[in-house]
Structure formats: structure tokens, C-alpha cells
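Next come the chains, spelled out residue by residue.
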Amino acid sequence: MEILLKIVDSLMGTGKTSAAINYMNSNPDKKFIYVAPYLGENQRIVNECPELEFRMPEARKYPSKYTHFKVLMNQGFNICISHELFKKIGSDSYDIIKRQGYTLFLDEAIDLIKIYQLSRDDWRILTEENLIQVDSNGYWQWSGEEYENGLFSDVKRLMQAKTLERISDRETIWKFPADAFRMFDDVFVMTHMFQGSLMDAYCQMEGLEYEFWHVDSQRLLQGYKSDTRTALAELVRIYQGNLNDIGEQRDSLSSTWFRAGRNRGKLSILKNNLYNFFRNIEHSRSIYNMWTCFKEKRRSLSGNGYALGFVPCNARGTNEFRSKKVLAYTPNVFLNPVIKQYMNTHGVNTTDDNYALSSLLQWMWRSRIRDGHEINIYIPSERMRNLLRYWLNS
């Protein structure tokens, strides 16, 4: 099969973005769409590729950023967009992408399959009004007529693009259309630990072939190059002590553990642990503290001296926190079981541990370790600690 994706698999902080900038500046005859997790990272592309005149879609003069994005593509501009806007690409953009001959740069692997969230009342309205139905392949299909700019316009567009698959009475899966990747002349995915990621599983399921590339002297080169971790292991000081007692079981501090009523009283213990770690063990100033938890538990676990240092556990691709040196990572991460079962049903095996380790590493690399400086980190989950230790020493 034809190789469609070039996976630039290299450790965080090794210069993948700089290499991509050099590649684009060295190929001014090509047209590029650059996709980053955050708009702030895209500003760097605009600033460091002045001759390429990158544009970023805006919604001020258009019904939506996606509408402006299509306008910019039609005009043949080089364009920077966010991960979230990239996920909106559907069949209505295929002809434009192919005609313009765009090369795609995807900064960080992106989850291309997720549970689709829509309120129960919205589903009821859509079904009772006969606006939607399920086709023979299990995809939701828009059946209403003459519906344009209403509340369900996005739902309609997703269904027309065949991206919403009903897998049970209670769950619908959103899946990015694989054909979108086939419209680009070239696709570069800049990431780390691609194998075992959800995007890797997606590629297997959708028959998207890929090859590995790497970074060397701020250049993108073909072939896989393993990273060395000996020096990294010396930079990571993992807390050992009785504050770890709360995370001894394999499922301790997982999202399921937090939802269990029997563990509600342990939230105060974990909050006290965080306070003790930052204030009494590390004696760190708040400006150097960085911590995370599952989003819905942030308010319950925030405390004096570290609350303002919260960084979402899915943060990636940003340098905003590179001064942080005392860290606390509380989540015990597992794949969503519905997504995991969906992958398995389609013949693709996924592993919780690879997914969890990748999530932890991405979060850690928002701190000053990306610049080669030592960090101290509290990881109360024994499972997550062991995954990190094994990776550092392997």
C-alpha cells in the first residue's frame, strides 16, 4: 500500500517544530496546512515563516472559523489551524485540499476517535422530529430537509461526513474521516511514542500506511532513530515516601476510582498530600509549582501554594510552563473502555500502559525538563510511577 503518513517520532524538546519550520521555509513552492494544539504555537509558525505568509482563520467576518478556513484554502494560502478546527474537516473540503496540493504538518498526534457528546434532550429532539436515522453501516445519517444554519448545523455536517457511528443505544463514536488524509500531497505527524498511541490504532483500523522519520540538526530525515534516556533519568527525581500510600492498587486514582462513593473521603487525604509535598517536603514557591488532576476534581484538590500552577493533564505542544520545576501528577490514566472495546471489535489491540505513559510524558515535558533542567515530581499512583521508572531506565 502507498505510504500516506510520515511519523516524525522524536522525544519532546528535540526540535521537531524547528525542523518543520526549516522544511517549510526550504520548500516555498509547496503549500502547507500546519496544525498545532494551541493557537499560540501557531503564532510561532507565522512569525518564523514570514515569506510563506501563513494565515489563521477568524470568525469575525464569517459564520465560523471553518468557513474562513475553506475560503483561505480556496485562495491557496498557507494556513495555521488548531487541532480542534482540523477535526472539523469533512468531505466538503476534500476537492479543495487535493486541487491546491497541500502538505499537512500535524504537531503532536491527535485523538481521532472519541465518544460523541450530545445531551439526551438533543438526541430526543433529533429523533422525534425524524431529522436523523441510522444507515445500514451503523452511521448516523441526516434525513431532515432544508436545514441550514440552526442549532444542529454542526451535527448535520458531521453526519453528512459519515463521522458519527452508533455503537449502542447509549453510545455514539465520532471518528475522523480517513479519506481526509488521502487528499494531502504529504502528511507529517510530529510526535513521540507513536506506536501504541490511539492514532496508531486508528491508522491500523483505517488502513493508513506510515513510515518513521526523525530529527537531526533541525532537519527532518527519513528513518527511525531511538532516543537515549540515560541523561534524562538523572534529571527526574521521583518522590518516594508515605504520601504514595494512597495509590498502591492498580486502579487507585483512576477516573473510576474517583467516581466511586467509597473513595470520596480520600479526596481530602490526596489534597493534604499535595499540600505537604509542595510546602513541607519541597518547600517550593508557588511560581515553580505545577500539578494536575482529572478536570472535574480540580476544585476539590486545589490548595494554598499550588492551586495557580494547575496544568490540564492532556496539555501538550505548549512551552508556557517551561519554568516549572516541582510537579505533581495525580491521575492514573486508562483508555476509555468504550473506545478500547471499539478498537478491539475492529481487530486492533490497544494497551492502557502505552497510552498512560505517553500522557504522563507529554505533561511532564511542559516543565523545565524540556530545557534539560532537573525536576522533582510526586506521582501517587504506583502504576504510573512504575511506568515512568521503567521508561527512564530502559
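Look above for the structure.
1. Comments concerning the overall build of the chain
Here's step 1: Check the secondary structure of the chain and you find 16 helices and 16 strands.
Here's step 2: The C-alpha atoms of the chain give 22 Å as radius of gyration, which agrees with the globular expectation for 394 residues (21 Å, within 12%).
Here's step 3: Taken along the three principal axes of its C-alpha coordinates, the chain extends 60 × 55 × 40 Å.
Here's step 4: By residue count, 53% of the 394 residues in the chain fall in the buried class.
Here's step 5: Here the analysis covers contacts within the chain between residues at least 6 apart in sequence; of these, 73% occur between residues at least 24 apart.
Here's step 6: As displayed, the chain offers around 19300 Å² of accessible surface, 44% of which is attributable to carbon and sulfur atoms.
Here's step 7: Distance from the positive charge centre (51 side chains) to the negative charge centre (47 side chains) of the chain: 6 Å.

2. Some details on the side chain of Asn-27
Here's step 1: Along the polypeptide, Asn-27 turns up in the loop between helix H1 (16-25) and strand S2 (31-36).
Here's step 2: At 2.7 Å, the side chain of Asn-27 forms a polar contact with the backbone oxygen of Tyr-23.

3. Quick word on the packing of helix H9 (residues 198-206) against helix H14 (residues 337-345)
Here's step 1: Put simply, H9 and H14 touch, their axes get as near as 10 Å, and they point 30 degrees apart. Comparing the axis directions of H9 and H14 gives the class roughly parallel. The hand of the H9/H14 crossing is left-handed. Residues Leu-198, Ala-201, Tyr-202 and Met-205 of H9 touch H14, and the partners they reach there are Ile-339, Tyr-342 and Met-343.
Here's step 2: Partitioned by chemical class, the residues of the contact of H9 with H14 number 7 nonpolar, no polar and no charged.

4. A look at the environment of Arg-389
Here's step 1: Looking at the secondary structure, you find Arg-389 in helix H16 (residues 382-393).
Here's step 2: Relative accessible area serves as the criterion here: at 26%, Arg-389 is assigned to the partly exposed category.
Here's step 3: The sequence separation of Arg-389 and Ala-233 amounts to 156 residues, and the corresponding C-alpha distance is 8.3 Å.
Here's step 4: Leaving out residues up to four positions away in the same chain, Arg-389 has contacts with Ile-238 and Gln-240.
Here's step 5: Within polar-contact distance, the side chain of Arg-389 engages the side chain of Gln-240 at 3.1 Å.

Basis of the calculations
- Residues numbered from 1 in each chain as written.
- Predicted model: local features only at pLDDT ≥ 70, side-chain atom pairs only at ≥ 80, totals over all residues.
- Heavy atoms only, no water.
- Helix = DSSP H or I, 4+ residues; strand = E, 2+ residues; numbered from the N terminus.
- Rg over C-alpha atoms; globule rule 2.2 N^0.38 Å.
- Buried < 20%, exposed > 50% of the residue type's maximum accessible area, 1.4 Å probe, protein only.
- Contact = heavy atoms within 4.5 Å.
- Areas by Shrake-Rupley, 256 points an atom, 1.4 Å probe, with all protein chains shown as cover.
- Lys, Arg positive; Asp, Glu negative; His and termini not counted.
- Charge placed at Lys NZ, Arg CZ, Asp CG, Glu CD.
- Polar contact = N/O pair within 3.5 Å; in protein donor to acceptor, adjacent residues only side chain to side chain.
- Axes fitted to C-alpha atoms, helices over the stretch in contact; angles between N-to-C directions.
- Parallel < 35°, antiparallel > 145°, perpendicular 65-115°, else oblique.
- Left-handed = near helix turned anticlockwise from the far one by under 90°.
- Nonpolar A, V, L, I, M, F, W, Y, C, P; charged D, E, K, R; others polar.

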